[in-house]
Amino acid sequence: AGRGMQQLRTGDRYVTVKGSAEKDVDADLVVWPLAHFTSGNDLAEVQRGLEANTQAIRAFFNGAGFTDDEIVVAPASLEDRWSYAYGDNRPPERYRYSTTVTLRTGKVAKAMAALRRTGDLLAKGVMLGGSGGEGASGGPDFDYTKLNAIKPALIAEATANARKSAEQFAKDSGARISGIRTANQGVVSIDNRDAGSPQVKRVRVVTTVEYFLKD
């Protein structure tokens, strides 16, 4: 009975600690959409212009070392801007035809090299931008797809760091840590290492562990 009461008194003594681990990794997937458009009053001419621009972008990607399997062309969208604008509000060009050519590849280094030569498309008259033609075409998105390969080691490191924190807390309070009361993997995040290196990702794991304390 005495031992039971002792366990009852010490069973609610525990400490909650967090541990983290980080690792910088190179992205292994690039998704790069290039939206472009043509505009004018002659529908057939606008359509021909869009097709020419699409082929120019295809040639740009092919010349950079990418295959047709890595290039996807979205269905084109036609906007008749005279259908909703009248009088002085009517724009000078009636039709705007737009589409998006998307590169999806694991060749990150080649994509980075192509990104530095995007001006070649502008020099050929390809108007890059959204469906409305406003602003520049979106840049590439870099992703890391092999999280499961590195996550166990990161979790182990984060848990070890959490235990060190618990041991220090217990030492400072004149106690010792015992078994684990609860453990929660917590959040796994993948972010850009910095604004200038979107192709390098920082993977961070945070674990939350509760340890029993004993005298």
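Look up a bit, the structure's there.
Quantities reported herein were computed from a predicted structural model and do not represent experimental measurements.

Rules used in this analysis
Residues numbered from 1 in each chain as written. Predicted model: local features only at pLDDT ≥ 70, side-chain atom pairs only at ≥ 80, totals over all residues. Heavy atoms only, no water. Pairing = 2+ DSSP bridges. Helix = DSSP H or I, 4+ residues; strand = E, 2+ residues; numbered from the N terminus. Buried < 20%, exposed > 50% of the residue type's maximum accessible area, 1.4 Å probe, protein only. Contact = heavy atoms within 4.5 Å. Expected span 1.5 Å × (residues − 1). Arc of directions from axis to C-beta. Polar contact = N/O pair within 3.5 Å; in protein donor to acceptor, adjacent residues only side chain to side chain. Phe/Tyr/Trp six-rings, centres within 6.5 Å; stacked < 30°, edge-to-face > 60°. Core = buried A, V, L, I, M, F, W, Y, C linked by side-chain atoms within 4.5 Å. Salt bridge = Lys/Arg side-chain N within 4 Å of Asp/Glu carboxyl O.

Focus: the pairing of strand β10 (residues 200-214)
Here comes step 1: Sheet analysis places strand β1 (residues 14-26) next to β10, joined by 13 bridges and oriented antiparallel. The residue bridging Lys23 from the neighbouring strand is Val203, located in β10.
Here comes step 2: Bridge count between strand β8 (residues 176-184) and β10: six bridges; the pairing is antiparallel. Directly across from Ile180, in β10, lies its bridge partner Tyr211.
Here comes step 3: Sheet topology note: the strand β9 (residues 188-192)/β10 ladder contains five bridges and is antiparallel. Across the sheet, residue Ile190 finds its bridge partner in β10, namely Val203.

Thoughts on the side chain of Asn53
Here comes step 1: With respect to the secondary-structure elements, Asn53 resides in helix α2 (residues 43-63).
Here comes step 2: Residue Asn53 is classed as buried on the basis of its relative accessible area of 9%.
Here comes step 3: Among all residues touching Asn53, those that are not within four sequence positions of it are His36, Phe37, Thr38, Gly125, Val126 and Met127.

Quick word on α2
Here comes step 1: Its 21 residues place the ends of α2 30 Å apart at the C-alpha level, agreeing with the 30 Å of an ideal helix rising 1.5 Å per residue.
Here comes step 2: Taken together, the buried positions of α2 are occupied by Val46, Leu50, Asn53, Thr54, Ala56, Ile57, Phe60 and Phe61. Around the axis of α2, the buried residues are gathered within 155° of arc, so they sit on the same side. Exposed residues pointing more than 90 degrees away from the buried face of α2 are listed as Glu45, Arg48 and Gly63.
Here comes step 3: The secondary structure elements touched by the buried residues of α2 are β2 (29-40), β3 (71-73), β5 (95-105), α3 (108-115), α4 (119-123) and β6 (127-128).
Here comes step 4: Here α2 starts with a cap whose side-chain oxygen sits 3.0 Å from the backbone nitrogen of Ala44, and that cap is Asp42.
Here comes step 5: The positive-phi residue at the C-terminal boundary of α2 is Gly65, with phi of around 105°.

Concerning the packing of aromatic side chains
Here comes step 1: With the rule as written, the count across this model stands at three aromatic pairs.
Here comes step 2: Ring geometry for Phe60 versus Phe61: centroids 5.6 Å apart, planes at 55°, classification tilted. For the pair Phe60 and Phe61, one class covers both residues: buried.
Here comes step 3: Residues Phe61 and Phe66 carry aromatic rings whose centres are separated by 6.3 Å and whose planes lie at 85° to one another, so their mutual orientation is edge-to-face.
Here comes step 4: For Phe61, a relative accessible area of 0% puts it in the buried group.
Here comes step 5: Cluster of aromatic residues (ring-pair linked, three or more members): Trp32, Phe60, Phe61 and Phe66.

A short note on the nonpolar core
Here comes step 1: By size, the foremost hydrophobic cluster in this structure holds 21 residues, and its most contacted members are Trp32, Leu34, Ile57, Phe61 and Phe66.
Here comes step 2: Among the elements of the structure, β2, α2, β5 and α3 are those that each provide at least two residues to this core.
Here comes step 3: Val15, Ala166, Ile177 and Tyr211 belong to the second largest nonpolar core, which has nine residues in total.

Observations concerning the pattern of salt bridges
Here comes step 1: Taken as a whole and assessed by the stated rule, the structure comprises 10 salt bridges.
Here comes step 2: Between Glu22 and Arg204 there is a salt bridge, with the nearest N and O atoms lying 3.1 Å from each other. Of this pair, Glu22 sits in strand β1 while Arg204 is found in strand β10, placing the two residues 182 residues apart along the sequence.
Here comes step 3: Note that Arg181 is salt-bridged to Glu210, the shortest N-O span being 2.5 Å. Within this pair, whereas Arg181 is found in strand β8, its partner Glu210 is found in strand β10, the two being separated by 29 residues in sequence.
Here comes step 4: Classification of Arg181 by relative accessible area gives partly exposed; the value is 37%.

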